[in-house]
Amino acid sequence: EVDPGVRQSSGINAEYGEIRDETLENQSTVNNVNEVREVIQESPTSVSDVKEPTVSEQPEILSVAPSSSCNIPGSSPGKVTDNFREEKLSEHQKLVKSRCLTPEQFAEHAVFKKYVRGEPSNKLYIKNLNHKNVEEKELEELFLPYQEYFHGGNQNPSELQIKLMTRGQMKGQAFITFSSTKASEAAMSDLHGFVLHGKPMAIMFAKSK
């Protein structure tokens, strides 16, 4: 007959052995996981495994164009350049619209009573300018965006020609010559009635030589 104390000791030893075996097994599993992690971290990632970022994940690229041209340096004519010019003109149109006469206000100014638009051409005639304050640079800032939008990708926007009259009977008048009729039409549509130095501009087509 086995002594009760011996049986109890044997049971404890057996239970301890099972716990020890389970602990060693768990430790082995942890070691294996750590080894796998190390291998993953050290192994190079192949090109095929690299996930390309989606459009929403890609960083925003800001392009700055020189003031004399809407072409983005180093870029070829294409969608990016076209979009850039379109956004620039859109911002310009928003600014000038806020300073133009409303249809009702045109009737309040005598300069528009006998207004005749004229036959479309690439040359605009402007009158009712404030000759004491207006400068050629201001007219360039107003009209150049249209030359840039239509011809910035192919021609030098500086080809926009501005002739401001400051003396004699022609003072307060100006001529703006674009590279095309479509550019002059867009400029007239947006800037006719634009208030510059307290006076609204009257714009019409001039005869192009």
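Every value quoted in this text rests on a predicted model; they were computed, and no experiment measured them.

So, about the confidence of the model for the protein. Confidence along the protein averages 73 in pLDDT terms, with 58% of residues attaining 70 or more. Considering only residues more than four positions removed or in separate chains, one finds that residues 2-17, a stretch of pLDDT under 50, has one contact. Counting interchain partners and residues more than four positions distant, the pLDDT-below-50 stretch residues 42-80 has 32 contacts.

Okay, the packing of helix α4 (residues 136-151) against helix α5 (residues 181-191) next. At a closest axis distance of 9 Å, the pairing of α4 and α5 adopts a crossing angle of 140°. Considering the relative orientation of α4 and α5, their crossing is right-handed. Residues L142, F143, Y146, F150 and H151 of α4 lie in contact with α5, whose contacting residues are K182, A183, A186, A187, D190 and L191. The residue inventory of the contact of α4 with α5, partitioned by class, reads eight nonpolar, one polar and two charged.

Another aspect to go through is unusual backbone geometry. Although it is not a glycine, N128 adopts a positive phi angle of roughly 70°. The class for N128 is partly exposed, based on a relative accessible area of 21%. Positive phi outside glycine occurs at H197, with the angle close to 55°.

Criteria and cut-off values
Residues numbered from 1 in each chain as written. Predicted model: local features only at pLDDT ≥ 70, side-chain atom pairs only at ≥ 80, totals over all residues. Heavy atoms only, no water. pLDDT = per-residue confidence, 0-100. Contact = heavy atoms within 4.5 Å. Axes fitted to C-alpha atoms, helices over the stretch in contact; angles between N-to-C directions. Helix = DSSP H or I, 4+ residues; strand = E, 2+ residues; numbered from the N terminus. Left-handed = near helix turned anticlockwise from the far one by under 90°. Nonpolar A, V, L, I, M, F, W, Y, C, P; charged D, E, K, R; others polar. Buried < 20%, exposed > 50% of the residue type's maximum accessible area, 1.4 Å probe, protein only.

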